[in-house]
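Observations on chain architecture
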Amino acid sequence: MKRHILSFLFILSAIGIITGCSTLTKKDTEYAEFCSNDLSTFFLRGPVMSVERWDKFSNEYVNDLSFDKNGNLVRFGDSSAYVNRDEQGRIIALSNYLPTEYLMDSHWDYVYSYTPDGNVDMCEGGAYWCQIVSIFSDHDNNGNPMKETVSMEDDEGNSSVENYTYEYIQFDDFGNWTARKVGSHTSRNYDLNTGDRIKESDKTDNFIEHRRITYYTRDQFLKK
């Protein structure tokens, strides 16, 4: 796949409800502090409508996630999201069907698991030509992972393990990160067929990943 919270006062300022000694209504609080199981799965909070992402693998922002006003995932990338949930309502399986005639090339399935604290600790994704496992660890107080290990195997017999570290450097008014420094190092890369290590593929890298998050307005959110 080539490819958490500011102070409460800051959030209130962002939605324009701090005026002198005014107090919050129940609906204002609901809007400012909204969260859902699906949002948590993708390290988000607040009345999120959509998320776009940009990093060194993308020439521009690309659509990544879309949610309804109840915080349920409705689109993943360019396609509808087909979701299975556990008894707690958390996403445990997700299918992504891209609108192309080459279904086998575009069909990805994902499986998620969680820590006892409710943080995502693993995502396993795959298509017929590639299998990828991401393991998240060292979550901060807002549930964002500080480390990720990605293992990949493709249909040509190549395998790699890439380790990522994250430093969150920019947040929006709802406390969601919008920029983070990514440090990566390929710790192993080899041919599964021969067992030969492909040394020239070992590398270290650093880049910035960005998220652009669009939110439902207060009026939109409350009209459920």
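Above this text you will find the structure in question.
Basis of the calculations
Residues numbered from 1 in each chain as written. Predicted model: local features only at pLDDT ≥ 70, side-chain atom pairs only at ≥ 80, totals over all residues. Heavy atoms only, no water. Helix = DSSP H or I, 4+ residues; strand = E, 2+ residues; numbered from the N terminus. Buried < 20%, exposed > 50% of the residue type's maximum accessible area, 1.4 Å probe, protein only. Areas by Shrake-Rupley, 256 points an atom, 1.4 Å probe, with all protein chains shown as cover. Phe/Tyr/Trp six-rings, centres within 6.5 Å; stacked < 30°, edge-to-face > 60°. Lys NZ or Arg CZ within 6 Å of the ring centre and 35° of its normal. Contact = heavy atoms within 4.5 Å. Core = buried A, V, L, I, M, F, W, Y, C linked by side-chain atoms within 4.5 Å.

1. Digging into the overall build of the protein chain
Within the protein chain, the regular secondary structure consists of 5 helices and 12 strands. Buried positions account for 40% of the 224 residues belonging to the protein chain. Summed over all atoms, the accessible surface of the protein chain reaches about 12,400 Å², with 49% contributed by carbon and sulfur.

2. Side note on the packing of aromatic side chains
Applying the stated criterion across every chain, the model contains 12 aromatic pairs. A connected cluster of aromatic rings, assembled from ring pairs, spans Tyr31, Phe34, Phe174, Tyr215 and Phe221. One cation-aromatic arrangement involves Arg90 over Tyr114; the distance from NZ or CZ to the ring centre is 4.5 Å. When the ring centre of Tyr166 is taken as origin, the NZ or CZ atom of Arg180, which lies over that ring, is 3.7 Å away.

3. Focus on the side chain of Ser50
Mapped onto the elements, Ser50 comes out in strand E1 (residues 48-54). Taking relative accessible area as the criterion, Ser50 reaches 14% and is therefore assigned buried. Excluding residues within four positions of it along the chain, Ser50 makes contact with Leu65, Ser66, Arg212, Ile213 and Thr214.

4. Side note on the nonpolar core
Counting 37 residues, the largest nonpolar core has Phe42, Leu44, Phe67, Leu73, Phe76, Leu94 and Tyr112 as its most contacted members. When residues in this core are grouped by element, the largest group, 4 residues, is from strand E6 (residues 107-114). Not counting the four nearest positions on each side in its chain, Leu94 is found in contact with Phe42, Leu73, Phe76, Ala81, Tyr82, Val83, Trp108, Asp109, Tyr110 and Tyr112.

5. Some words on unusual backbone geometry
For Phe43, which is not glycine, the phi dihedral falls at a positive 60°. With respect to the secondary-structure elements, Phe43 resides in the loop between helix H3 (37-41) and E1. One non-glycine residue, Asp138, lies in the positive phi region at around 55°. Tracing the chain through its elements places Asp138 in the loop between strand E8 (130-137) and strand E9 (147-154). Note on Asp138: relative accessible area 43%, which makes it partly exposed.

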